[in-house]
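The lines below spell out each chain.
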Amino acid sequence: MGIVFDGISKVFPDGTAALHGLDLAFDTGEFIVLLGPSGSGKTTACRVLAGLEHPTGGRILVDGKDVTDLPPRFRGMGMVFQNYALYSHKSVYENIAYPLRVRKMAGTEIDRSVRNMADLLQIGRYLARKPSQLSGGQAQRVAVARALVWQPDICLMDEPLSNLDALLRLHMRTELKRLHRELKKTFVFVTHDQEEAMTLATRVAVLRDGRLVQFDEPKTVYRRPASRFVAEFMGRPAMNTFEGMLYAGMFRAGDIACAAPGIPDGPVVLGIRPEQVEIVDSSAADAVRFEVDVMELVEPDVLVFVRSGTSSMIVRTPNDDRTFAHGEPLFLRFPPAALHAFDAVTGARLT
Amino acid sequence: MGIVFDGISKVFPDGTAALHGLDLAFDTGEFIVLLGPSGSGKTTACRVLAGLEHPTGGRILVDGKDVTDLPPRFRGMGMVFQNYALYSHKSVYENIAYPLRVRKMAGTEIDRSVRNMADLLQIGRYLARKPSQLSGGQAQRVAVARALVWQPDICLMDEPLSNLDALLRLHMRTELKRLHRELKKTFVFVTHDQEEAMTLATRVAVLRDGRLVQFDEPKTVYRRPASRFVAEFMGRPAMNTFEGMLYAGMFRAGDIACAAPGIPDGPVVLGIRPEQVEIVDSSAADAVRFEVDVMELVEPDVLVFVRSGTSSMIVRTPNDDRTFAHGEPLFLRFPPAALHAFDAVTGARLT
Amino acid sequence: TLEEAAKPYSGTTIRMVGEALPPLEALSKLAPQFEQATGIKVEVEMYEHSEAVNKVQLDLNSQRGRYDVIIQPHREMGKFATNGHLLEIAPFMADAALRDPSFKPEEQLYQGAWKEISWYDGKMYGFPFTVLNMFMWYRSDLLADAKEKDGFKAKYGYDLAPAQNWDQYRDIAEWFNRPDQGLYGTALQGKRHEALWYEWLNFLYSFGGDVLDVQSGSQCGPVVVNSPQAIASLDYYKSLLAFSPPDSLNYFWDDVMALMQQAKVAELIMWNDATYAVAVDETASTVVGKVGFDIVPQGEGGKIGQLEGWTYLIPTYSKNPQAAFLFIQWMMGYDRQLEQHLNGGASGRPDVYESADVQKLPYAKASMASNEYGKPKATLPQSAEMTDILVRELSSSLAGEKSSKEALDASAKEISTLLGSCAPMSYPAQ
Amino acid sequence: MTSLPVTSNTSGKTRGAFLLDRGVGPLLVLPATILVVIFLVGPFYYMVYTALTDLSFADATRKGAFVGFDNFRRLMRDDPLFWNSFLLTLKFVVVAVAMEFVIGFALALLIFKYVVRQRLLTTLLLIPMMLAPVAVGLIWRLLLQGDFGMVIYYLRAVGLLAQNAAVLSQPDLVFPAIVAIDIWQWTPFVTLVMLAGLMSLPRSPFEAAMMDGAGPLRIFLDVMLPLLRPIIALVLLLRGIDAFKEFDKVFIMTGGGPGTLTELVSIYAYRVNFRNWDLGYGAAVAFMVYLVVLILCSVFYKAVYWSAKPSSGLPAGAKP
Amino acid sequence: MIDRAASRPWTAFAWAVLLVAVVVALTPYLWIVLASFKTRVDLFSSAPKWLFSPTFANYPAVFIGKEYWPLAINSLIISLSSTALCILIGAPAAYVFARADFPGKEDLFFFFLTTRMAPPISIAVPLFLFFTSLGLIDTIYAVVIAHTSFNLSLVVWMMRGFFAEIPKEIDEAAVMDGRSRLGAFVFIIAPLAAPGIAATAVLCFILSWNEFLYAFILVAFEGRPLTVGIPGLVTPHGTLWGQVAAVAVVATLPILIFTFLVQRQLVRGLTFGAVKG
Ligand SMILES: Nc1ncnc2c1ncn2[C@@H]1O[C@H](COP(=O)(O)OP(=O)(O)OP(=O)(O)O)[C@@H](O)[C@H]1O
Ligand SMILES: Nc1ncnc2c1ncn2[C@@H]1O[C@H](COP(=O)(O)OP(=O)(O)OP(=O)(O)O)[C@@H](O)[C@H]1O
Ligand SMILES: [Mg+2]
Ligand SMILES: [Mg+2]
């Protein structure tokens, strides 16, 4: 039982291929997060699942039934559109109430659910407004409310929090988590915020150019990225990568050299996350010498941009008010456990 | 010389007051970031500065000239609208080229600038498309390109990166930084992403309900928030706060007690950032006992939600694969240097 | 001579307006001759009937004098004359410099018609452009048919021939009425349209009735339109509906003419100036040579048809009235009249009818007779409104909304109130 | 022509006024206003004045002396013809416009939904509207001509019409006939405008409604109609007003007959003005018509258009 | 709903309905086209003749013989110029009504509609006298002005609706890009409102082209348009049906062409993807 993208492809009339035979299957009750660069097909995937776009190839299965040709309203899915798509002629209240009215819910019932939802999203004060009188974030929350209020079996959310401030986002995050726990509904959630992805997802699907490149638990996606692309896509800042040669457990790229045990010899791309690089003093064994380029304060941490010859990298370390002056030498150590190795050509994970 | 909001207030026809006598002054060439909860008046502030809204009170000064009644086109400002506002009947290319055409730039000139800008924002491939054929992030980048291409003296950007993925964001961030450095233009930048704010801003203006609550360098805003509101608004997750009594350098709230030197006695709100809380073992001096509620993995860190009696808080610590089981006791220490104290009533900073 | 008379006005242009009809087209073809002779240019504007009337009304009332010669149905005379829009002709006739001695209207025109069409209140305002009247058309071939003759005689006891009185007229209509064969006894012009009024007047007059009890159209007098004769005439008229096409209540001259041209009617009452298109024009008619014409049948009032006409007039505001007069005078000359008449006109000059060419036309005699017996109808300022009232009431009566008496009583009441004190009702309506 | 005071929500210099580079706004309305005021309002007031005089082009004794409200008194008290024709017109307008709207809108929807290249089709559908009313009158008179009419012929052939019957002379058929012909001529108008309206609708609310589980009917009622509301109001208002002035077709076809069965108020006005040249009274008639239309329209306008005013800044009260 | 749901049976049904509509709309017209090639005898044959030996006499008869061709030119001049004027003057006004906000706006807006309400019959005479005093009477200008001011109400009312459909952020974007307000309207908004403008233009053209009363009263004989000419073919000597038909047919051609051309603007979704929300 669950939702299945079975070789879904979508080519738009103008010939743009947004999805290339996307295969993706997950259970009902899961909280799926779609990640991927802009234009990778996330919205399209949602729209196909919702039935707003008809796939040019493949089938959509819900609980084993082929719903590919089923009109949206029979699919029991709610959706938050990337561009809110509010009813400009209805008040906020009516916008939220609409799905319930369509379902002939009793007036008092409607009123209760609408107000609950509105309070939950802190838009109770704007119920009387028209969408044109809302701020971006307020409008977005109305869209979310409209999608959640009737508690659809499957809820598709296309970047539903992108216009909200950090605090509100955190709040929404916990609320969504709670809802998911309590209602046991399925969520498909598009976001660019990796923290959201990490905390909300039961599983994360990473898309690239309309293809699925990895589908795993958040932890795994972060710790064992399936490919160089994923590795570099996840994490802020992105993972540092060096293209070099590996020979007898020693990796060399330019004048960088470090031990990399358990990886077959040959050309390889080695990666390490900025926060896993250790700053050591010159004396330390297998310390690699770099020069500080610039430092950037990202409370609570600092990002230190360092270079050594041609290759450069970023180091993330807690901000202990130590300053790194341009050009000053910095000795770094790459803990073998923290190293990722990818095929130099395909980018596939090696270990 | 510079831009001045002189007691700007804006009341919309329906009576909503979006800005209450906003006072804000900064120099040309600065990179100002507007932060604030949703609905706090950021967009309105931008629109008033741009001349799209006429303030119901106050004046806008640019380089000392009162431009309050000056039509937008004479203000030499570019703007990225929170909702893109692309010319749907023109191709992406024409959208970007438009400001230049209006300014009667030579065709070849135009072509060069447009393509440069497009490549910079990685939308070179979509120049022939119509806006309706773009993904959210692509559309947003077109909007950005259109605002930057003619290099306006003042560039207003209303959440210009909200729909972009982390990697692209980072890239854009550096590009913007470079542009700002090279062109010496003034930027007013609305964002909800504090990392962006930290890294881009020369100064950050925090708005709340249409009022300016703090205007400082990013570091200062983060380290010495001017009020409880700012303290709680900045940082992910937000700063922990406790309302309690302070007596003779000792702070008590419920069964929490810790040393808080150099703060006058009386009711007070004490705050500490999750990442500055230290996890110590029971033996340690002035360790406070909490119980683990849940833990949340936010690579590369973990968030530990702990509680003690009525009061609860979040601790952020690097993820060293240690797991925190629900209910297990956890001893924490609040380094005095890391404590923030705010007035219990006004919320104003005390130290 | 004309040339001398025209000297002073040579080079001027006179503009005239009238209904778009063959005679006017003929006139505009003749105009160049006049210009050659006199150097006076003539511009002709041709509009549809009511268009022409309205244009002139507006022009006269705005007093801007766009037109030097206007050709109008004599119904309008009252409006124009009483409002002083028209120049009298007498002065011109008296003016030796203008008068063409060879033109003697007193002798050369149908006096009755002329006096009705171009005079008002005893004053002369112009000369007839066309003298129009209605008479009986019948299918000579059918009436001459031996089989029909026998059958008819057998049924009605007298010989089948062009109707001399209204009873015969109805018998013939009844006899030939065979809708299944696509033939109707007659065809009434029952649409709510002047045509209805014109047609009915023929019945009214020959039944001895009238609208007002007066001697000339310009007089106001007692209203007699609801007299017993009038009611009788309307009853009779309605009785003919039975032998008339189903759509008669929406027909006017256009339709009945088409019917005649398509050989679908045995007899009807129709305009003289339409005869050409039916009896002569092969392209339009299938019954050329099969139509006979005669003055309307005999009634208590005798053999009388109604008389209508368009007349040349000169507006008070004309910029060059003399030139206008010269042109009119010239047009009234025999040759031009003949020319016009042969092109579908209806001249006001008896001598034109006597000419050999005209005599060839099958309807010449009928026309002449009718012109002699033409009876005036009101040309008072309110005439148009009177017409409107009658048309409306007649139409309702035909539609069966009102009896003949009710309809005519109503008309009488309205007309009387319209004309005021000078027009009491002779036959009080209850 | 003064319009009823319609209170508008304007609070000093608001966004709009400012956006229009200040003052430009009213300036752009000026030419239109001036033109209309000079060439329509001027004559209109002349007409209103005339209505208070006895002016007549026929009667030499009535040169336009001021007579106060005599004309109106006569109109109100003793002119059954006017009221008769007036009610007839009301009936005509309501029936015709209603039908035109329903049919026209339906066609527009079908074209919009099912026809990809609608250019030729629409053009053909518009043909009836392209014919001059004068021509339409003549043409239909010919088509319905009792003995040679093409339509009549086939009506009889298929037995919809008795052999010895005809349409325009049949008291019970003539009014439906002119209504039908008006529908024939003006339905395209509705189609055209509604089609244009549909074309300019945004897409997203419809998708949203689909996701909210609304079926085609609900979507039509809850999303499309409200969004089209200004256009719909416009169509109904314009058609209603123009139908009230319907003249040429009917006058040519029936001349108002048989009897007064099809004498629309405009035909009546025509007789008074252009036949009897009783301009004073004619003006009174015209003014009366104007007044009623004005009232009807402003009621309708407030009821429908106003509440759908595109830029309604006031928040609509939420339900309890 | 907004996207074509192409389900077979429905499409078929739709086309069936549309076909019927086209037939109903077209047959009378076709009949007239045929009539224009018929002799009076053929025209009045008791059973409708669809096949007959056509005559080509009617067209020359009326356009050359009766010299009607200049009337067509007049019609063209009048309609084109008044339509152009209408759009030029009316569209900006409508735009202001859609966007700006000034005291008494709605009253003024409604006022435009009221200008349409008075029966032309009784406006006509005053207008005639007025133009006479202006000295414009009997000139083409008179009708053009009359038609323009008369159709303005239509333009203003129709266009407002269409402009209002366009998100105002687009004007704002244009203004930010350095356009004047007017510029934004002319170069950005007008193109976006193309469907509306097209429909409006078509209507203006048709209404002006077919208008009778003003055209008849205000223009001189030389300048009269076709509509005024048509009744001239209804004579007591019989309505010249063949010629009436010929004129009617010719009269519709320009509109047909104009409409067909303008229809290109009648495309959907011009504003899709403009703004978010
Ligand atoms: N046209 C309007 N009419 C009435 N109220 C409005 C209008 N536009 C904005 N507001 C209100 O003004 C306040 C400020 O709006 P603004 O868009 O400036 O907020 P914001 O800081 O941009 O929020 P966000 O981060 O969500 O975009 C909000 O409460 C909003 O509801
Ligand atoms: N209507 C359309 N016609 C043509 N191409 C389209 C259309 N809609 C989207 N595309 C293209 O399809 C690709 C996928 O679009 P999609 O909106 O799914 O991306 P996305 O993952 O949602 O990106 P974003 O994160 O920016 O929203 C993009 O390259 C986009 O340009
Ligand atoms: Mg997307
Ligand atoms: Mg905003």
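Structure: see above.
Residues numbered from 1 in each chain as written. Chains lettered and ligands numbered in written order. Predicted model: local features only at pLDDT ≥ 70, side-chain atom pairs only at ≥ 80, totals over all residues. Heavy atoms only, no water.

Caption draft 1: Highlighting the overall build of chain A. Along chain A, the regular secondary structure elements total eight helices and 20 strands. Expressed as lengths along the three principal axes of its C-alpha atoms, the size of chain A is roughly 75 × 45 × 40 Å. When each of the 351 residues of chain A is scored for burial, the buried share is 59%. For chain A, contacts bridging at least 24 residues in sequence account for 62% of all contacts bridging at least 6. (Helix = DSSP H or I, 4+ residues; strand = E, 2+ residues; numbered from the N terminus. Buried < 20%, exposed > 50% of the residue type's maximum accessible area, 1.4 Å probe, protein only. Contact = heavy atoms within 4.5 Å.)

Caption draft 2: Focus on the sheet that holds strand β15 (residues 278-280) of chain B. All names here are of chain B. Across the sheet, five strands lie side by side as β15-β19-β16-β17-β18; this open sheet has antiparallel pairing. Of all the strands in the sheet, the pair left with one neighbour each is β15 and β18 (311-318). Across the sheet, the axes of successive neighbouring strands diverge by a mean angle of 50°, strand direction being ignored. In the sheet, β15 pairs with strand β19 (residues 329-333) via three bridges, with the strands oriented antiparallel. By the bridge assignment for β19, Ile 279 is matched with Leu 332. (Pairing = 2+ DSSP bridges. Axes fitted to C-alpha atoms, helices over the stretch in contact; angles between N-to-C directions.)

Caption draft 3: Quick peek at the packing of helix α7 (residues 140-164) of chain E against helix α10 (residues 194-210) of chain E. Residue and element names in this part refer to chain E. Relative to each other, α7 and α10 sit at 160°, their axes nearing to 10 Å. In terms of their interaxial angle, α7 and α10 are classed as roughly antiparallel. Of the two possible hands of crossing, α7 and α10 adopt the one that is right-handed. On α10, the residues touching His 147, Asn 151, Leu 154, Val 155, Met 158, Met 159 and Phe 162 of α7 are Gly 196, Ile 197, Ala 199, Thr 200, Leu 203, Cys 204, Leu 207 and Ser 208. A class-by-class count of the residues in the contact of α7 with α10 yields 10 nonpolar, five polar and no charged. (Parallel < 35°, antiparallel > 145°, perpendicular 65-115°, else oblique. Left-handed = near helix turned anticlockwise from the far one by under 90°. Nonpolar A, V, L, I, M, F, W, Y, C, P; charged D, E, K, R; others polar.)

Caption draft 4: Fine view of the coordination of the magnesium ion (ligand 4). Protein coordination at the magnesium ion (ligand 4): the donors are Thr 43 of chain B (OG1) and Gln 82 of chain B (OE1), at 1.8 to 2.2 Å from the metal. You can see Thr 43 of chain B sitting in helix α1 (residues 42-50) and its partner Gln 82 of chain B sitting in the loop between β6 (77-80) and α2 (92-102), a full 39 residues away along the chain. (Donors = N, O, S within 2.8 Å, 3.2 Å for Na, K, Ca; no water.)

Caption draft 5: Structural context of the arrangement of the chains. Contacts are most numerous, across the eight pairs of chains in contact, for chains D and E. Spatially, chain A and chain C are disjoint, and the shortest separation between their C-alpha atoms is 52 Å. No interface is formed between chain B and chain C, the nearest pair of C-alpha atoms being 50 Å apart.

Caption draft 6: Region of the structure containing a nonpolar patch on the surface. Residues and elements named next belong to chain D. Together, Val 94, Val 95, Met 99, Val 102 and Ile 103 make up an exposed nonpolar region whose accessible area comes to about 410 Å². Residue position: Ile 103 is located in helix α4 (residues 80-114). Given the relative accessible area of 34%, Ile 103 is considered partly exposed. (Patch = residues over 30% accessible without salt bridge, like charges linked within 9 Å, V, L, I, M, F, W, Y side chains within 5 Å. Areas by Shrake-Rupley, 256 points an atom, 1.4 Å probe, with all protein chains shown as cover. Salt bridge = Lys/Arg side-chain N within 4 Å of Asp/Glu carboxyl O.)

Caption draft 7: Structural detail: the pattern of salt bridges. Enumeration over the complete set of coordinates arrives at 93 salt bridges over all chains. Here Arg 112 of chain A ties to Glu 109 of chain A by a salt bridge, and the two come within 2.7 Å at their closest N and O atoms. Here Arg 112 of chain A and its partner Glu 109 of chain A are both found in helix α3 (residues 107-120), three residues apart, which amounts to about one turn of the helix. The exposure class assigned to Glu 109 of chain A is partly exposed, which follows from its relative accessible area of 31%. Among the salt bridges present, the one from Asp 171 of chain E reaches Arg 99 of chain E, with a minimum N-O distance of 2.9 Å.

Caption draft 8: Region of the structure containing helix α15 (residues 321-331) of chain C. α15 of chain C sits mainly inside the fold: 10 of its 11 residues count as buried. All of the buried residues in α15 of chain C are Pro 321, Ala 323, Ala 324, Phe 325, Leu 326, Phe 327, Ile 328, Gln 329, Trp 330 and Met 331 of chain C.

Caption draft 9: Highlighting the site of ligand 2. Within the structure, ligand 2 sits among 21 residues, and Ser 38, Thr 43 and Thr 44 of chain A together with Arg 129 and Gly 137 of chain B are positioned closest to it. More than a single chain frames ligand 2: its nearby residues are located in chains A and B. One nitrogen or oxygen atom from the main chain of Gly 41 of chain A is found 3.0 Å from an oxygen atom belonging to ligand 2. At 2.6 Å, a backbone N or O of Gly 137 of chain B approaches an oxygen atom of ligand 2. Taken together, the elements giving at least two residues each to the shell around ligand 2 come down to α1 (42-50) of chain A together with α4 (136-148) of chain B. Of the residues contributing to the shell around ligand 2, the split by class is two nonpolar, 15 polar and four charged. (Near = heavy atom within 4 Å. Polar contact = N/O pair within 3.5 Å; in protein donor to acceptor, adjacent residues only side chain to side chain.)

Caption draft 10: Structural context of the interface of chain D and chain E. Facing the 119 residues of chain D at the interface are 115 residues of chain E. For the interface between chain D and chain E, the tally reads one salt bridge. A salt bridge links Arg 116 of chain E to Asp 242 of chain D; the shortest N-O distance between them is 3.1 Å. Here chain D and chain E share nine residue pairs in polar contact (both at pLDDT 80 or more) between them. Ranked by the residues each element gives to the side of chain D that touches chain E, the list is headed by helix α2 (residues 24-50) of chain D, at 18 residues. Residue composition of the side of chain D that touches chain E, grouped by class: 90 nonpolar, 18 polar and 11 charged.

Caption draft 11: How the structure looks around the state of the cysteines. The full count for this structure, using the stated rule, is one disulfide over all chains. Between Cys 220 of chain C and Cys 422 of chain C runs a disulfide, and the two sulfur atoms are separated by 1.8 Å. Handedness of the Cys 220 of chain C-Cys 422 of chain C disulfide follows from its S-S torsion of about 70°: it is right-handed. Of this pair, Cys 220 of chain C sits in the loop between α11 (194-206) and α12 (228-239) while Cys 422 of chain C sits in the segment after α21 (404-419), placing them 202 residues apart in sequence. Its relative accessible area of 28% is what places Cys 220 of chain C among the partly exposed residues. Just so you know, Cys 46 of chain A is unpaired, no disulfide at all, and the nearest cysteine sulfur is the one on Cys 155 of chain A, 10 Å from it. (Disulfide = S-S within 2.5 Å.)

Caption draft 12: Structural view of the interface of chain C and chain D. In this complex, chain C contributes 33 residues to the contact, which on the side of chain D involves 38 residues. Summing both sides of the interface, chain C and chain D together bury roughly 2900 Å²; the carbon and sulfur share of this comes to 47%. Applying the counting criterion to the chain C and chain D interface returns five salt bridges. As a salt-bridge pair, Asp 388 of chain C and Arg 271 of chain D come within 3.3 Å of each other at their nearest N and O atoms. Summed over the shared surface of chain C and chain D, the number is 19 residue pairs in polar contact (both at pLDDT 80 or more). Residue contributions to the side of chain C that touches chain D peak at six residues, all from helix α20 (residues 383-398) of chain C. Class assignment of the residues belonging to the side of chain C that touches chain D gives a composition of 12 nonpolar, 10 polar and 11 charged. (Buried area = accessible area lost by both parts, 1.4 Å probe.)

Caption draft 13: Structural view of the sheet that holds strand β5 (residues 65-66) of chain A. Residue and element names in this part refer to chain A. Taken together, the four strands give an open sheet; going across it, the order is β2-β1-β4-β5, and neighbouring strands pair in antiparallel fashion. Since the sheet does not close on itself, it has two edges, and those belong to β2 (17-26) and β5, each with one partner. As defined by bridge partners, strand β1 (residues 3-11) adjoins strand β4 (residues 57-62) across five bridges and the pair is classed as antiparallel. Within the sheet, the bridge partner assigned to Ser 9 lies in β4 and is Gly 57.

Caption draft 14: Representation of the coordination of the magnesium ion (ligand 3) within the structure. Distances from the magnesium ion (ligand 3) to its protein donors, namely Thr 43 of chain A (OG1) and Gln 82 of chain A (OE1), fall within the range 1.8 to 2.1 Å. Judged by its relative accessible area of 12%, Gln 82 of chain A is buried.

Caption draft 15: Focus on unusual backbone geometry. A positive phi angle, close to 45°, is found at Asp 209 of chain B, a residue other than glycine. Looking at the secondary structure, you find Asp 209 of chain B in the loop between β9 (203-208) and β10 (211-216). Note on Asp 209 of chain B: relative accessible area 48%, which makes it partly exposed. Although it is not a glycine, Glu 67 of chain E adopts a positive phi angle of roughly 50°.

Caption draft 16: Molecular detail of the packing of aromatic side chains. Counting across every chain of the model gives 86 aromatic pairs over all chains. A centroid spacing of 5.3 Å and a plane angle of 85° characterise the contact between Phe 152 of chain C and Tyr 158 of chain C, whose relative ring orientation is edge-to-face. Overall, the relative accessible area of 0% leaves Phe 152 of chain C in the buried class. For Tyr 158 of chain C, a relative accessible area of 23% gives the class partly exposed. Stacked on the ring of Phe 216 of chain E, the Lys or Arg Lys 55 of chain C has its end atom at 5.4 Å from the ring centre. We note Lys 91 of chain D situated over the ring of Phe 175 of chain D; from NZ or CZ to the ring centre the distance is 4.6 Å. (Phe/Tyr/Trp six-rings, centres within 6.5 Å; stacked < 30°, edge-to-face > 60°. Lys NZ or Arg CZ within 6 Å of the ring centre and 35° of its normal.)

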